[in-house]
Amino acid sequence: MEIFQVHILAADKNFYEGPCVSLTIPTSDGEQGILAHHSDMIAAILPGTLRYQTPDGPVQLAAVSSGMVKIEKNEVLVLVDSVERPEEIDAARARREADEAREAMLQQKSRQEYQLAQAALARAMNRLRVKAREIR
């Protein structure tokens, strides 16, 4: 299979930079698969599961938050607020965060606070989904 360069960057760390055989990202249009020589594009990334495969390894999973992807000249740049491997996710902490977000949503203080709580809940639930896939 042909390879392309990928750069997966979070606000606080450089997650992965190197050759890639395939990449799947969650977008508003569903999961977007990327292979070598993909057409140039820019798209929004939604919280979900990112999958990538290096030339010499198995498919890797990561929980990503919102961000963007840019594909240009066989090079992919993924910029997200946060990205975590399944083994980095603390399931108990994610469950606590989900519970706190649900409670904040019930209090409905303001529209902005409600939307922030919704985003926190989506992130926590996504982290739990990715963690559950690691256990299988």
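The structure contained in this document is the topic of the report that follows. (Residues numbered from 1 in each chain as written. Predicted model: local features only at pLDDT ≥ 70, side-chain atom pairs only at ≥ 80, totals over all residues. Heavy atoms only, no water.)

Further remarks concern the side chain of threonine 54. Considering the arrangement of structural elements, one finds threonine 54 in the loop between strand S6 (48–53) and strand S7 (59–64). Looking at threonine 54, the relative accessible area reads 14%, which means it is buried. For threonine 54, the residues in contact, after removing those within four places along its chain, are Tyr16, Pro19, Cys20 and Val21. (Helix = DSSP H or I, 4+ residues; strand = E, 2+ residues; numbered from the N terminus. Buried < 20%, exposed > 50% of the residue type's maximum accessible area, 1.4 Å probe, protein only. Contact = heavy atoms within 4.5 Å.)

Moving on: the side chain of threonine 49. On the secondary structure map, threonine 49 appears in strand S6. With sequence-adjacent residues up to four places away left out, threonine 49 is seen in contact with Thr24, Pro26, Glu31, Leu61, Ala62, Asn126, Val130 and Arg133.

Moving on, we get to the pairing of strand S8 (residues 67–72). Here strand S5 (residues 41–45) runs beside S8; their pairing, made up of five bridges, is antiparallel. Paired with methionine 41 across the bridge in S8 is isoleucine 71. Between S8 and strand S9 (residues 75–80), which pair antiparallel and follow one another directly, the connecting turn spans two residues, one of which, lysine 73, has a positive phi of 55 degrees. (Pairing = 2+ DSSP bridges.)

A separate point is the packing of aromatic side chains. Under the defined criterion, the tally for this structure stands at two aromatic pairs. With centroids separated by 6.2 Å and ring planes inclined at 80 degrees, the aromatic side chains of phenylalanine 15 and tyrosine 52 adopt a geometry described as edge-to-face. With a gap of 37 residues between them, phenylalanine 15 in strand S2 (residues 14–20) and tyrosine 52 in strand S6 connect regions that are remote in the sequence. The rings of Phe15, Tyr16 and Tyr52 are connected pair by pair, giving a single aromatic cluster. The ring of phenylalanine 15 is capped by arginine 85, whose NZ or CZ atom sits 4.1 Å from the centre of that ring. (Phe/Tyr/Trp six-rings, centres within 6.5 Å; stacked < 30°, edge-to-face > 60°. Lys NZ or Arg CZ within 6 Å of the ring centre and 35° of its normal.)

Within the secondary structure, alanine 62 is located in strand S7. Put simply, alanine 62 and phenylalanine 15 are 47 residues apart on the chain and 9.7 Å apart in space, counted from C-alpha to C-alpha. Filtering out sequence-adjacent residues up to four positions away, alanine 62 remains in contact with Phe15, Gly48, Thr49, Leu50, Val83, Glu84 and Val130.

Turning to the pattern of salt bridges, a few remarks are in order. Within the structure shown, the criterion is met by nine salt bridges. When the shortest N-O distance is used, the salt bridge between arginine 127 and glutamate 97 registers 3.0 Å. Residue arginine 127 is located in helix H2 (residues 111–135), and its partner glutamate 97 is located in helix H1 (residues 91–107); the two are separated by 30 residues in the primary sequence. With its nearest N and O atoms 3.1 Å apart, the salt bridge here joins aspartate 99 to arginine 102. Of the two residues, aspartate 99 and arginine 102 are both situated in helix H1; the distance of three residues between them amounts to about one turn of the helix. Residue class for aspartate 99 comes out partly exposed when judged on its relative accessible area of 47%. Among the charged side chains, a network of salt bridges with common partners joins Glu84, Arg93, Glu97, Arg123 and Arg127. (Salt bridge = Lys/Arg side-chain N within 4 Å of Asp/Glu carboxyl O.)

Such coordinate-based values are descriptive only and should not be taken to indicate function.
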